[in-house]
Amino acid sequence: MEHPIHTLADGAASPALTSRLDAGIAAWAQLVDAVREAALHAQVVAAGEAVTNTLTGGHKILVAGNGGSAAIASHVAAEFLGKCVHDRAPLPAINLAESLSSVTAIGNDYGYEQVFVRGVRGLGRAGDVYVAMSTSGRSPNIVASLAAARELGITTIAMTGAGGEHLRDDVDHLLVVPSHETPRIQEVHMLWAHAWCEAVDDLSQPGA
């Protein structure tokens, strides 16, 4: 069956592209003030302190998410292992969604809800930090893995969208993007993670 995009006339994409770009910019214009809100700003800083304290103590960071959030998790883990803005020694971070073999094996043998639970239980230790991302805050595999992490004494950070408030009492740090738009939520999650990675790079410099 022919895909509708194959029949587009020349120039027909411009209105849709313009509309989506303008809508994204407008949404960000509103989000700028929202993410600057004092209480949320303080929560992001406190979660970042948990990350730096974990690394200072010689422990590691676990990260996970589904779909686009899995891609962000990969990005974040890579920046701790590599660098963000400054050269420094590598720091331990693992994206639990990185291995296609592990995710599909666990999903096949134990159910998709367990794909991150097994990673947390197998790789996590007390003193580590687990950063779990779910734009809805309701992904069963994320919710289950957060519970497993708390059982093990792992500090939990959940990044969600506006639907994730129900996790408030179930994690150590809940960071809620005040939006229901998945792309905008993920963009803010990346902003927060970049702030932590950049700060860690700064703090890792001689004499910091």
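Going by the structure above, here's the rest.
Residues numbered from 1 in each chain as written. Predicted model: local features only at pLDDT ≥ 70, side-chain atom pairs only at ≥ 80, totals over all residues. Heavy atoms only, no water.

Novice: How do you make sense of the pattern of salt bridges when you look at a structure like this?
Specialist: A side chain with one charge may pair with a side chain of the opposite charge, provided their charged atoms come close. One pass over the structure, following the stated rule, counts eight salt bridges. Salt-bridge contacts for Arg-150 lead to Asp-172; the nearest nitrogen and oxygen are separated by 3.3 Å. Separated by 22 residues along the polypeptide, Arg-150 in helix α6 (residues 140-151) and Asp-172 in the loop between β4 (155-160) and β5 (173-176) bring together distant segments of the chain. By relative accessible area, which is 35% here, Arg-150 ends up partly exposed. (Salt bridge = Lys/Arg side-chain N within 4 Å of Asp/Glu carboxyl O. Helix = DSSP H or I, 4+ residues; strand = E, 2+ residues; numbered from the N terminus. Buried < 20%, exposed > 50% of the residue type's maximum accessible area, 1.4 Å probe, protein only.)

Novice: Any chance you could explain empty space enclosed by the protein here in plain terms?
Specialist: To find leftover empty space, a probe the size of one water molecule is rolled over the atoms. One pass over the full model with this rule turns up one cavity of 30 Å³ or more. Computed from the structure, the largest cavity encloses a volume of approximately 60 Å³. Looking at the largest cavity, the residues that line it are Val-51, Ile-61, Val-63, Val-76, Phe-80, Val-131, Met-133, Met-159, Ala-193 and Trp-196. Elements supplying a minimum of two residues to the lining of the largest cavity: β1 (61-65), α3 (68-81), β3 (129-134) and α7 (182-203). (1 Å grid on protein atoms, 1.4 Å probe; cavity = no way out; pocket = protein on both sides within 12 Å on 5 of 7 lines; lining within 4 Å. Points joined across faces, edges and corners; volume = space filled by probe spheres on them.)

Novice: Before we go on, may I ask you to explain the side chain of Arg-184 in this structure?
Specialist: Structurally, Arg-184 is set in helix α7. Those residues in contact with Arg-184 that lie beyond four places of it in its chain are Gly-24, Ala-27, Trp-28, Leu-31 and Ser-179. (Contact = heavy atoms within 4.5 Å.)

Novice: What's the story with the sheet that holds β1 in this structure? I'm lost.
Specialist: In a beta sheet, neighbouring strands are held together by backbone hydrogen bonds and run either parallel or antiparallel to one another. With respect to topology, five strands assemble into an open sheet ordered β2-β1-β3-β4-β5, the strand pairing being parallel. Of all the strands in the sheet, just β2 (93-95) and β5 have a single pairing partner and so form its edges. Shown here is a sheet whose adjacent strand axes are inclined to one another by a mean of 15 degrees, direction ignored. Examined bridge by bridge, β3 and β4 share six bridges and lie parallel to one another. From the neighbouring strand, Met-133 faces β4, where its bridge partner is Met-159. Running at roughly 175 degrees to β1, helix α5 (residues 115-123) makes contact with β1, β2 and β3 of the sheet. (Pairing = 2+ DSSP bridges. Axes fitted to C-alpha atoms, helices over the stretch in contact; angles between N-to-C directions.)

Novice: Any chance you could explain the nonpolar core here in plain terms?
Specialist: When a protein is soluble and globular, its nonpolar side chains tend to lie buried together. If you look at the biggest cluster of nonpolar residues, it comprises 32 residues, and the most contacted ones within it are Phe-80 and Trp-196. Going through the elements one at a time, α1 (14-36), α2 (38-56), β1, α3, β3, β4 and α7 are the ones with two or more residues in this core. In this view, Phe-80 contacts Val-51, Leu-55, Ile-61, Arg-88, Pro-90, Leu-91, Ala-93, Cys-197 and Val-200; residues no more than four positions away in its chain are not counted. (Core = buried A, V, L, I, M, F, W, Y, C linked by side-chain atoms within 4.5 Å.)

Novice: Would you take a moment to explain the environment of Pro-206 for this structure?
Specialist: Assignment of secondary structure puts Pro-206 in the segment after α7. Note on Pro-206: relative accessible area 78%, which makes it exposed. Between the C-alpha atom of Pro-206 and that of Gly-122, which follows or precedes it by 84 residues, the distance is 34 Å.

Novice: Which parts of the structure should I look at to understand the environment of Trp-28?
Specialist: You can see Trp-28 is positioned in helix α1. On the basis of relative accessible area, Trp-28 is assigned to the partly exposed category, the value being 24%. For the pair formed by Trp-28 and Ala-70, sequence separation is 42 residues and the distance between their alpha carbons is 22 Å. Trp-28 has contacts with Arg-184, Glu-187, Val-188 and Leu-191, leaving out every residue within four places of it along the chain.

Novice: How should I be thinking about α7 in this particular structure?
Specialist: An ideal rise of 1.5 Å per residue puts 32 Å on 22 residues; α7 measures up with 32 Å between its terminal C-alpha atoms. Where α7 is buried, its residues touch α1, α2, α3, β3, β4 and β5. (Expected span 1.5 Å × (residues − 1).)

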